[in-house]
Every structure is written in structure tokens, then in C-alpha cells.
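Chain residues, written in single-letter form:
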Amino acid sequence: MNSGSSGIFRNCFMNSGVVFIVIVVLLCAEFVLERILEILNRRAMSQTLPESLKGIYDEKEYRRFRNYRCENNRFELLSSSLSFVVMLVFLCLGGFGWWNAIVVAGTDNTILQTLIFMLGLSLVSGILNMPFDWYATFHIEGKYGFNKMTKRTYVSDLLKGMFLSGIIGGLLLTGVVWFYEWAGSLFWLYAWCGFTLFLVFMTLFYSQLIVPLFNKQVPLEEGSLRNKISGFARQVGFKLADIYVIDGSRRTTKANAYFTGFGPKKRIVLYDTLLTELSEEEIVAVLAHEVGHYKRKHTIKFMLASVLQVGIMLWLFSLFVNQPALSEALGGDRMYFQLGLVAFTILYAPISMILGLFMNVWSRKNEYEADCFAAQYYNGEYLISGLKKISVKALSNLTPHPVYEWVYYSHPSLLKRMKAVRDRVRVNE
């Protein structure tokens with residue numbers, strides 16, 4: 001790190017005790033804030049069917065929605081509280097420093113130290129989280145009819161996910177550490193280029209390389225629906241490589257659709273659950289919304305914004321990583337890259353939250369624009385009816401607390417989307 005950058009932050013992070021206190025305060029503040037927002041959101045749920053939801057939920061469905069949300073809220077409180085306590089105890093007892101000492105004793109190679117250190121933390125975190133995920137999947141989701149996954153599929157997905165995370169995460173982390181050792185203070189710039197290339201690659205080839213490891217994708221058969229989708233795509237100048245159906249019903253009853261890729265690589269993917277729940281016109285309307293994102297250039301803009309966020313994070317990390325106080329705050333006897341990485345991740349959380357708020361505001365704006373595109377170039381009422389079915393089937397919260405929605409929701413709530421679409425339809429008329 002150059003002397004100018006070092007001088008800016010040295011005074012703030014000279015004392016490891018101060019850094020430790022800041023880390024503890026941030027962890028506690030994040031936990032308390034999340035609980036307050038959850039309480040606000042839970043209290044916003046009416047005991048009886050709100051007038052605004054009549055015609056969307058009936059009394060029976062609304063009771064089922066309330067029961068599902070309440071059970072989820074209680075379980076999330078339990079799991080998040082346990083995770084918070086474990087993290088705090090591990091931190092205060094010097095667990096990070098203890099594990100780091102074991103790793104460092106085994107190898108002097110910084111890359112291996114970082115990989116083994118992070119792998120150990122990931123494995124412990126995964127093992128602790130596994131019982132909660134199992135219960136949520138097979139008890140709560142199963143109880144309300146969402147889970148269709150067998151235990152064999154669950155274990156298979158878990159092992160595949162761990163393997164992929166290990167390989168991809170390990171390669172990316174190896175690249176960052178290698179650039180750190182090779183390029184010095186400019187390592188963040190090379191790492192940023194590497195992350196950007198990876199993001200573009202995954203955008204282009206995720207559906208071809210990753211999805212087949214978990215799901216089967218088959219081309220949508222010839223017929224009325226395929227003709228309607230292709231016809232709409234030609235009408236709005238959306239060049240489409242192909243249309244696929246994915247076997248989402250193996251795992252859930254929830255419906256979804258998306259498209260991936262750029263240029264000639266664009267493909268539309270429909271969940272088979274979507275085909276059974278929505279009419280053909282509603283499916284085309286939902287896809288028109290997805291096409292709207294592309295035509296309004298939301299996809300490329302959002303990707304560029306994500307790349308910019310990664311660049312900001314890596315640049316800030318480059319200013320902090322060589323500060324011994326960060327490693328010492330977690331129990332290290334000197335500066336270690338892996339301890340600095342963990343400490344920085346915690347310290348970066350407030351910045352990440354602020355950036356996330358702006359991204360969510362922007363994302364909700366984009367959703368309105370994509371809805372308006374579908375209403376203008378296809379049919380707004382079909383879009384509304386399709387979104388209704390998807391939301392009710394998933395027991396979505398249609399009346400979240402405004403603050404909770406502002407912080408967490410990347411999509412506007414259904415009632416707001418319906419109003420915006422109908423306003424657009426009236427303008428078109």
C-alpha cells in the first residue's frame with residue numbers, strides 16, 4: 001500500500017482494541033436493526049383479510065399466508081439469534097486467531113493459508129446452518145406444500161453446491177491473493193478486472209454450465225405457447241436463441257421465469273410450474289416483463305453497477321488489508337491477509353448496506369419500467385393476473401411495512417405494481 005493511502009487510515013486503525021470494539025458494535029447493531037425491521041413487518045400484517053387484498057387472497061388463503069409467515073418469522077429469529085451468538089462467542093474467545101495459528105503453523109504460503117483458513121470457516125458455518133436449512137426445507141416448506149425435493153435430491157444439491165462454491169470461490173480467492181503478492185498496492189485493480197471477466201462469463205454461460213448440474217433443461221415443444229413467445233420477441237426486436245423449460249417442480253411448487261445471456265446467446269428459461277399455473281397469455285405477459293428489462297438496458301446497467309460495487313469494495317480493501325490492527329483485533333500476532341479479509345468484511349457491512357439500499361431503489365424503478373413495457377407492448381391485464389397467481393401461490397407478503405420494503409425489497413409489492421400497470425394501461429388508452 002502506498003504511503004499516502006496508508007497515512008489516511010493509520011491513525012484510525014492503529015489500535016486493535018478500537019477495531020475489536022467497532023467490529024462487535026457493528027455485529028450487534030446489524031442484528032438489532034434486522035430484528036426491529038422484522039418486528040415492524042410482522043406488526044404490519046393484518047389479523048383479518050385487508051380490503052386491498054380482497055379479490056387476490058380469500059379468507060382461507062390469507063390465514064394460510066399468515067400462518068406461513070409467522071412460522072417462518074419465528075424460525076428465522078431462532079436461527080439468526082443462534083448464528084449471532086455463535087459468531088459473537090467465537091470472536092470474543094479469539095476463535096479466529098486460534099484457527100489462524102493452526103493454519104499458519106502448517107504452511108508459510110499465503111495463498112494456502114488463506115484458502116485453508118476460509119475453507120475451515122465455511123465448513124463450520126455450513127455444518128451449523130445445515131440443521132436449520134433441513135428443517136426449513138422439509139418441515140416448513142413441506143408443511144405448506146412448497147417443497148417437492150426428496151432427501152436424496154437435497155443431499156445431492158448440497159454436495160454439488162459445496163463443490164462448486166469451493167472450486168469457484170477458491171479460484172477467485174487464489175487470484176486475489178496472488179495479485180496481492182505480485183502487484184502490491186495495485187492488486188485491487190487486477191483483481192477487479194478478474195472479477196469483471198468472471199461476471200461476464202457467468203452471465204453468458206451460467207445457464208449452459210451451472211444449471212444442468214442441478215436441473216434438466218429441455219427446449220419448449222412446438223405449439224401455441226412457443227409461437228406466441230417467438231411472435232412477441234420478433235414484434236419487439238428481441239433476438240432469441242431458444243426457449244427452454246426447466247424441471248423446477250422437482251424442488252418446489254413456486255413458479256418462475258428468466259432469461260440469460262447477451263447478443264446471440266440470449267435464452268428464455270421457463271419453470272415447468274409456470275406452465276401449469278398460468279395461462280399462455282399470462283406467461284407471455286410475464287416474459288414481456290423480462291424482455292422489458294433487456295430492451296430498457298436494465299440488465300447491462302445493473303451488471304455495470306455490480307462491477308462498480310466490486311471495484312469500490314476491492315479498492316477499500318486494499319487500503320485496509322495491510323493494517324496490523326485488523327488482524328490483531330481478531331487474535332493474530334501480526335498482519336495476516338486472511339484475518340484482514342474477515343475483519344474488513346465485517347467493517348464493510350454498513351457501506352454494503354447503504355449501497356444495497358440505493359441498488360434496491362433503482363431495482364424497484366426498473367421493475368416498474370419493465371412492467372410498463374409489458375403493458376405497452378403486450379397486455380397489462382394479463383401481466384397483473386399472472387403476477388397475482390405467482391404471488392398467491394408463493395404466499396407472498398403483499399402488504400409489507402414501508403420501511404421493511406424500502407430496505408429489503410428489490411421488487412415493488414404487488415399492489416403497487418398493479419396500480420402502476422393499470423395507470424399505464426389508462427395512459428395507453
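Structure: above.
Because the structure is a prediction, the values reported are computed rather than measured.

**Student:** Residues and numbers for the sheet that holds strand S2 (residues 242-246), please.
**Tutor:** Sheet strands pair by backbone hydrogen bonding; their relative direction is either parallel or antiparallel. Strand order in the open sheet made by the four strands is S1-S2-S4-S3, with mixed pairing throughout. Every interior strand has two partners, whereas the edge strands, strand S1 (217-219) and strand S3 (257-260), have only one. Going across the sheet, the axis of each strand differs from the next one's by a mean of 30°, ignoring polarity. Here S1 runs beside S2; their pairing, made up of three bridges, is antiparallel. When the sheet's bridge partners are listed, Gln217 is paired in S2 with Ile246. Seen against the sheet, helix H8 (residues 224-235) touches S1, S2 and strand S4 (267-271) and runs at an angle of roughly 135° to S2.

**Student:** Provide a residue-level description of the pattern of salt bridges, including the pertinent values.
**Tutor:** As enumerated under the stated definition, the model contains 17 salt bridges in all. Between Glu277 and Lys393 there is a salt bridge, with its nearest N and O atoms 3.6 Å apart. Of the two residues, Glu277 is situated in helix H9 (residues 272-277) and Lys393 in helix H14 (residues 349-393); the sequence distance between them amounts to 116 residues. What makes Glu277 partly exposed here is its relative accessible area of 32%. Assessed through its relative accessible area of 32%, Lys393 is described here as partly exposed. Between Arg422 and Glu381 there is a salt bridge, with the nearest N and O atoms lying 3.5 Å from each other. Of the two residues, Arg422 is situated in helix H16 (residues 414-428) and Glu381 in helix H14; the sequence distance between them amounts to 41 residues.

**Student:** How would you summarise the side chain of His293 if you had to cite specific residues and measurements?
**Tutor:** Tracing the backbone shows His293 in helix H10 (residues 280-295). Among the polar contacts listed, one links the side chain of His293 to the side chain of His289, at a separation of 3.1 Å. Not counting residues within four places of it along the chain, the set of residues in contact with His293 comprises His298, Thr299, Asn366, Glu367 and Ala370.

**Student:** Please set out the environment of Pro402 residue by residue, giving values where relevant.
**Tutor:** By the secondary structure assignment, Pro402 is in helix H15 (residues 402-408). Using a relative accessible area of 57% as the deciding quantity, one classes Pro402 as exposed. For the pair Pro402 and Leu40, spaced 362 residues apart in sequence, the C-alpha to C-alpha distance is 9.2 Å.

**Student:** Could you give an account of the environment of Gly145, with specific residues and numbers?
**Tutor:** Structurally, the position occupied by Gly145 is in the loop between helix H5 (110-143) and helix H6 (151-183). Classification of Gly145 by relative accessible area gives partly exposed; the value is 31%. Sequence spacing of Gly145 and Lys254 is 109 residues, and the spatial spacing of their C-alpha atoms is 9.6 Å. Not counting residues within four places of it along the chain, the set of residues in contact with Gly145 comprises Arg64 and Thr253.

**Student:** So what's going on with the side chain of Asn72? Which residues, and what values?
**Tutor:** Mapped onto the elements of the fold, Asn72 is located in helix H3 (residues 59-92). A relative accessible area of 10% places Asn72 in the buried class. Apart from the residues within four sequence positions on either side, Asn72 is in contact with Ile140 and Glu141.

**Student:** So, H5: which residues are in play, and what are the values?
**Tutor:** Here H5 contains 34 residues, and its C-alpha end-to-end distance of 47 Å stays within 8% of the 50 Å for a straight helix at 1.5 Å per residue. At Met130, H5 is deflected by roughly 35°, the largest bend along its length, and proline Pro131 occurs up to four residues later in sequence. Taken as a whole, H5 has its buried residues at Thr110, Ile111, Gln113, Thr114, Phe117, Gly120, Phe132, Ala136, Thr137, Ile140 and Glu141. Against the buried residues of H5 lie H3, helix H4 (95-106), H6 and helix H13 (337-347). The opening residue of H5 is Asn109, an N-cap whose side-chain oxygen sits 2.9 Å from the backbone nitrogen of Ile111.

**Student:** Quick one: what's the story with the nonpolar core, residue by residue and with numbers?
**Tutor:** Among the nonpolar cores identified, the biggest contains 51 residues, and Tyr57, Ile229, Ile268 and Leu270 are the most heavily contacted of them. Once residues lying within four places of it in the same chain are set aside, the contact partners of Ile268 are Ile229, Phe238, Leu240, Asp242, Ile243, Tyr244, Tyr258, Phe259 and Leu287. Core analysis: the next-biggest nonpolar cluster, separate from the first, contains 41 residues, Phe31, Val104, Val176 and Ile346 among them.

**Student:** How would you explain unusual backbone geometry if you had to name every residue and give the values?
**Tutor:** For Lys297, which is not a glycine, the phi torsion comes out positive at approximately 65°. Unusually for a residue other than glycine, Leu395 sits at a positive phi of about 55°. For Leu395, the location among the structural elements is in the loop between H14 and H15.

**Student:** A description of the pairing of S3 should follow, citing residues and the corresponding values.
**Tutor:** Covered by surrounding structure in S3 are Ala257 and Phe259 together with Tyr258 and Thr260, the residues of both alternating faces. Two elements, S3 and S4, share four bridges in a ladder whose sense is antiparallel. Among the inter-strand pairings, Thr260 is bridged to a residue of S4, identified as Arg267.

**Student:** Residue-level account of the pairing of S2, with values.
**Tutor:** Counting buried positions over the five residues of S2 gives four, a clear majority of the element. Relative to S4, S2 runs parallel, the two sharing five bridges. The residue bridging Tyr244 from the neighbouring strand is Val269, located in S4.

Criteria and thresholds
- Residues numbered from 1 in each chain as written.
- Predicted model: local features only at pLDDT ≥ 70, side-chain atom pairs only at ≥ 80, totals over all residues.
- Heavy atoms only, no water.
- Pairing = 2+ DSSP bridges.
- Helix = DSSP H or I, 4+ residues; strand = E, 2+ residues; numbered from the N terminus.
- Axes fitted to C-alpha atoms, helices over the stretch in contact; angles between N-to-C directions.
- Contact = heavy atoms within 4.5 Å.
- Salt bridge = Lys/Arg side-chain N within 4 Å of Asp/Glu carboxyl O.
- Buried < 20%, exposed > 50% of the residue type's maximum accessible area, 1.4 Å probe, protein only.
- Polar contact = N/O pair within 3.5 Å; in protein donor to acceptor, adjacent residues only side chain to side chain.
- Expected span 1.5 Å × (residues − 1).
- Bend = angle between axes of the 7 residues up to and from the residue.
- Core = buried A, V, L, I, M, F, W, Y, C linked by side-chain atoms within 4.5 Å.

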